Amino acid sequence: MGLDTAQGDVRRWARGLRAYVEYLRSTGVDGFPRAAGVSRSPERARCEARPEPPAPAVPVATASPASVDLFGAAVAGRARTLEELREAIGDCRRCKLWPGRTHIVFGVGNPRAQLMFVGEGPGRDEDLQGEPFVGRAGQLLTDMITRGMRLRREDVYIANVIKCRPPENRNPEPDEIASCEPFLVRQIEIVRPRVIVALGKFAAQTLLRTHLPISQLRGKWHDYRGIKLMPTLHPAYLLRNPADKRLVWADIQLVMAELGIRR
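It should be emphasised that the depicted structure is a prediction, and the values quoted were computed from it without experimental measurement. Once a new chain begins, its residue numbering starts again from 1 and follows that chain's sequence as written. Only residues with pLDDT of at least 70 are given local features in this predicted model, and only at 80 or more are side-chain atom pairs given and counted; all residues enter the totals for whole chains, interfaces and linings. The basis for the side-chain values is all heavy atoms of the structure; hydrogens and waters are excluded.

### Some remarks on the packing of helix α7 (residues 174–191) against helix α8 (residues 201–208)
Look at α7 against α8: their axes get within 11 Å of each other, and the N-to-C directions meet at 75°. Taken together, the axes of α7 and α8 lie roughly perpendicular to each other. Contacts between α7 and α8 involve I177, E181, L184 and I188 from the former and F202, T206 and L207 from the latter. Its residues assigned to classes, the contact of α7 with α8 comprises five nonpolar, one polar and one charged. Axes here mean lines fitted to C-alpha atoms, for a helix over just the part in contact, with angles spanning 0 to 180 degrees between N-to-C directions. Working definition: helices are DSSP H or I runs of at least four residues, strands are E runs of at least two. Numbering for both runs from the N terminus. Angles below 35 degrees are treated as roughly parallel, those above 145 as roughly antiparallel, those between 65 and 115 as roughly perpendicular, and all remaining angles as oblique. Should any heavy atoms of two residues lie within 4.5 Å, those residues are counted as being in contact. The nonpolar class holds Ala, Val, Leu, Ile, Met, Phe, Trp, Tyr, Cys and Pro. Asp, Glu, Lys and Arg form the charged class, and all remaining residues, Gly among them, are polar.

### Thoughts on the pairing of strand β6 (residues 227–232)
Summarising burial for β6: five of the six residues are buried, a large majority. When DSSP finds at least two bridges between two strands, those strands are taken to pair. Direction of pairing for strand β4 (residues 195–199) relative to β6: parallel, over a ladder of five bridges. Residue pairing across strands places V195 opposite K228, the latter belonging to β6. One ladder, built from three bridges, connects strand β5 (residues 222–224) with β6; its direction is antiparallel. Opposite H222, over in β6, you have L229 as the bridge partner. Between the antiparallel neighbours β5 and β6 lie two residues, among them R225 with a positive phi of about 50°. Three exposure classes are used, based on accessible area relative to the maximum for each residue type with a 1.4 Å probe and protein chains only: buried under 20%, partly exposed in between, and exposed over 50%.

### Things to note about the environment of L207
Of note, L207 is situated in helix α8. Judged by its relative accessible area of 7%, L207 falls in the buried class. Placed 16 residues apart in sequence, L207 and D223 show a C-alpha to C-alpha distance of 9.4 Å. Dropping the residues within four chain positions of it, L207 is found in contact with V118, L184, I188, I196, Y224 and L229.

### Concerning the side chain of H234
Note that H234 resides in the loop between β6 and α10 (235–240). Of the residues examined, H234 reaches a relative accessible area of 15% and is grouped as buried. Two N or O atoms form a polar contact when they lie within 3.5 Å of each other; inside protein one atom must be a possible hydrogen donor and the other a possible acceptor, and for residues adjacent in sequence the pair counts only when both atoms belong to side chains. Here A236 takes part through its backbone nitrogen, which lies 2.9 Å from a polar atom of the side chain of H234. Sequence-distant contacts of H234, that is, excluding residues within four places in its chain, are made with E120, F133, L199 and G200.

### Here we look at the state of the cysteines
Whenever a pair of cysteine sulfur atoms sits within 2.5 Å, that pair is classed as a disulfide. On inspection of all chains with the given rule, the structure shows zero disulfides. For C180, which is in no disulfide, the shortest distance to another cysteine sulfur is to C95 and amounts to 6.1 Å.

Note that every value here comes from positions in space, so none of it alone points to a role or purpose.
Pasting the structure below:
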């Protein structure tokens with residue numbers, strides 16, 4: 001390896017690491033140091049220099065700094081359109097899900113939508129077709145959009161936390177969420193919706209950086225980087241518990257009122 005090549009690799013790693021650090025700060029990873037430039041007293045500096053005991057481990061379903069692909073945030077951050085972002089993802093092999101997938105399920109809909117739905121991850125039908133929410137749960141979501149809200153499916157934007165199907169439709173694991181999260185974050189930044197509906201606990205907990213159950217989160221407005229976010233129950237849950245459709249309809253009515261949608 002020549003000197004120029006080695007120096008180029010070092011610069012590339014440095015840029016990726018710097019972008020990743022900024023990503024961690026922007027997403028509020030617990031315990032990550034704040035940006036430099038804040039003045040500190042000598043006494044505070046001495047205190048901060050002392051080693052602190054490690055924080056207790058907390059089981060989470062959100063990004064883990066140790067497992068995030070260092071360059072995922074840098075790659076995502078360079079994309080200016082959804083098409084560029086999809087190209088940046090490429091034939092993704094950033095987590096252990098890639099060997100079992102048929103298609104990467106990126107997202108679909110209006111790239112300037114006022115309303116964005118974020119689900120958990122693709123299932124069997126989505127994996128085969130390469131489009132989110134096209135199976136039985138997807139039909140229920142489509143009915144919610146078209147018959148309930150009186151919108152067209154193509155008027156909204158639909159994405160998932162993870163882009164590849166987990167084996168047997170199991171729950172996504174923290175390292176898988178961590179690998180995909182920079183791309184979801186960039187999708188939201190590019191679309192810039194007025195309202196996000198988080199479908200189910202994994203979408204809500206990932207976006208809100210919380211461990212609270214969906215039963216405590218739904219029905220209330222939350223903030224995601226200046227965007228109003230409404231958590232609600234996942235359509236797949238409603239297939240098993242149809243009586244709770246009334247709860248989702250109450251949440252959707254709040255969304256419609258926020259967006260000025262009249263029936």
